[in-house]
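One letter stands for each residue in the lines below.
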Amino acid sequence: MLSQTKTMEAMNLMYQMFPEAHGELVAATPFQLIISVILSAQATDVSVNKATPVLFESYPDAVHLAAAPIEDIIAKIKTIGLYRNKAKNIKACSQMILTVFGGEVPKTREELVKLPGVGRKTANVVLGDAFDIPAIAVDTHVERVSKRLRICKQRASVLEVEETLMKKIPENLWIKSHHTMIFFGRYHCTARSPKCHSCTLLDLCQEGKNRLKANGKK
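All of the points below concern the structure found in this document.

What counts as what
- Each chain carries its own residue numbering, running from 1 in the direction its sequence is written.
- Since the coordinates come from a predicted model, pLDDT governs what is reported: local features require at least 70, and pairs of side-chain atoms require 80 or more to be given and counted, while whole-chain, interface and lining totals use all residues.
- Side-chain measures here rest on the full set of heavy atoms in the structure, leaving out hydrogens and waters.
- Lines fitted to C-alpha atoms define the axes here, with helix axes fitted over just the stretch in contact, and angles between the N-to-C directions of these axes take values from 0 to 180 degrees.
- Strands are runs of DSSP state E lasting at least 2 residues, helices are runs of H or I lasting at least 4, and numbering of each runs from the N terminus.
- Each angle receives one of four descriptions, namely roughly parallel if under 35 degrees, roughly antiparallel if over 145, roughly perpendicular if within 65 to 115, and oblique otherwise.
- Throughout, a residue-residue contact means that at least one pair of heavy atoms, one from each residue, lies within 4.5 Å.
- Exposure is judged per residue with a 1.4 Å probe applied to protein chains only, and the accessible area is read against the type maximum: over 50% gives exposed, under 20% gives buried, and values in between give partly exposed.
- By this rule the span expected of a helix is its residue count minus one, scaled by 1.5 Å.
- Whether a set of points on the 1 Å grid over the protein atoms alone is a cavity depends on a 1.4 Å probe fitting there but being unable to get out, while an open set qualifies as a pocket with protein on both sides within 12 Å along at least five of seven lines; lining residues are those with an atom within 4 Å of a point.
- Grid points are joined across faces, edges and corners, and a volume is the space filled by probe spheres set on the points.
- Each residue is assigned to one class: nonpolar for Ala, Val, Leu, Ile, Met, Phe, Trp, Tyr, Cys and Pro, charged for Asp, Glu, Lys and Arg, and polar for all the others, Gly among them.

The next thing to look at is the packing of helix 9 (residues 140-148) against helix 11 (residues 174-187). For the pair helix 9 and helix 11, interaxial distance at closest approach is 8 Å and the crossing angle is 80 degrees. Taken together, the axes of helix 9 and helix 11 are roughly perpendicular relative to one another. For the pair formed by helix 9 and helix 11, the contact residues are H141, V142, R144, V145 and S146 on the first element and H178, M181, I182, F184, G185 and R186 on the second.

If you check the backbone angles, D132 has positive phi at about 60 degrees while not being a glycine. Classification of D132 by relative accessible area gives exposed; the value is 62%. Even without being a glycine, R150 presents a positive backbone phi close to 65 degrees. Mapped onto the secondary structure, R150 falls in the loop between helix 9 and helix 10 (158-168). Take R150: its relative accessible area is 22%, and that puts it in the partly exposed class.

Structurally, the α-helix is built with 3.6 residues per turn, so residues lying three or four positions apart point the same way. Here helix 11 is 14 residues long and its end C-alpha atoms lie 20 Å apart, about the 20 Å a rise of 1.5 Å per residue gives. Burial within helix 11 is extensive, with 11 of its 14 residues counted as buried.

This part covers the layout of surface pockets. The volume enclosed by the largest pocket comes to roughly 620 Å³. Looking at the largest pocket, it is lined by 30 residues, and the ones nearest its centre are S40, D45, K121, D139 and R186. Where the lining of the largest pocket is concerned, the elements lending two or more residues are helix 2 (30-39), helix 8 (120-131), helix 9 and helix 11. Here the lining of the largest pocket is composed, by residue class, of 11 nonpolar, 11 polar and eight charged.

The rolling of a water-molecule-sized probe over the atoms marks out the regions of remaining empty space. In this structure the tally under the stated criterion is two cavities of 30 Å³ or more. Surrounding the largest cavity, 15 residues form its lining, F184, C189, C196, C199 and C205 being those nearest its centre. Considering every element that reaches the lining of the largest cavity, the biggest residue donor is helix 12 (residues 206-214), with three residues. A breakdown of the residues in the lining of the largest cavity according to their chemical character gives nine nonpolar, two polar and four charged. By volume, the second largest cavity is sized at about 30 Å³. Contributions of two or more residues to the lining of the second largest cavity are made by helix 8 and helix 11. Per-element accounting of the lining of the second largest cavity gives the leading share, four residues, to helix 8. Here the lining of the second largest cavity is composed, by residue class, of four nonpolar, three polar and one charged.

Printed below as a string of structure tokens:
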């Protein structure tokens with residue numbers, strides 16, 4: 001596995017490749033962000049961003065979304081995968097934010113994960129992007145990049161990946177690193193056809209070396 005020093009060497013190269021890495025979900029408030037993140041599960045940010053303007057125009061906050069007819073919510077998000085279940089979750093989430101948290105999105109992971117449709121990954125995204133509280137959300141890109149670079153063990157669980165990254169990356173860089181690894185995984189180290197041949201991290205990446213060797217490239 002990569003040492004802490006080598007991990008940060010890899011991260012610095014990724015920072016250089018994607019200096020403007022950021023969360024791509026469009027949201028005007030913490031409430032809109034948490035709803036958007038719930039909707040993004042097993043869906044692309046692009047598809048969520050296409051649906052949420054209409055949703056938030058009608059239901060911009062917890063008060064309005066909590067009272068919204070479920071069929072109307074479904075109609076507004078039906079272009080997103082798993083829309084029926086997600087409609088139920090975002091309505092229930094809104095109701096709980098309203099009744100338990102006074103209409104404000106909570107600012108701790110322990111409280112956030114109590115909300116319907118909110119797991120640890122969603123909670124970490126909200127902590128970092130809505131409240132600037134250091135957190136690393138491990139999605140498929142972050143997990144793939146971490147394992148390909150051998151930052152963590154190949155059989156590590158999502159929680160173990162998160163914990164390993166938190167140990168090897170300084171806390172003040174957690175949010176930046178989270179977004180950078182997503183951009184790196186989404187646009188460069190892709191699932192099916194990673195750009196190993198042109199990757200500045202190749203010297204640090206045993207997976208990339210193995211792939212190029214298997215393809216007869218040096």
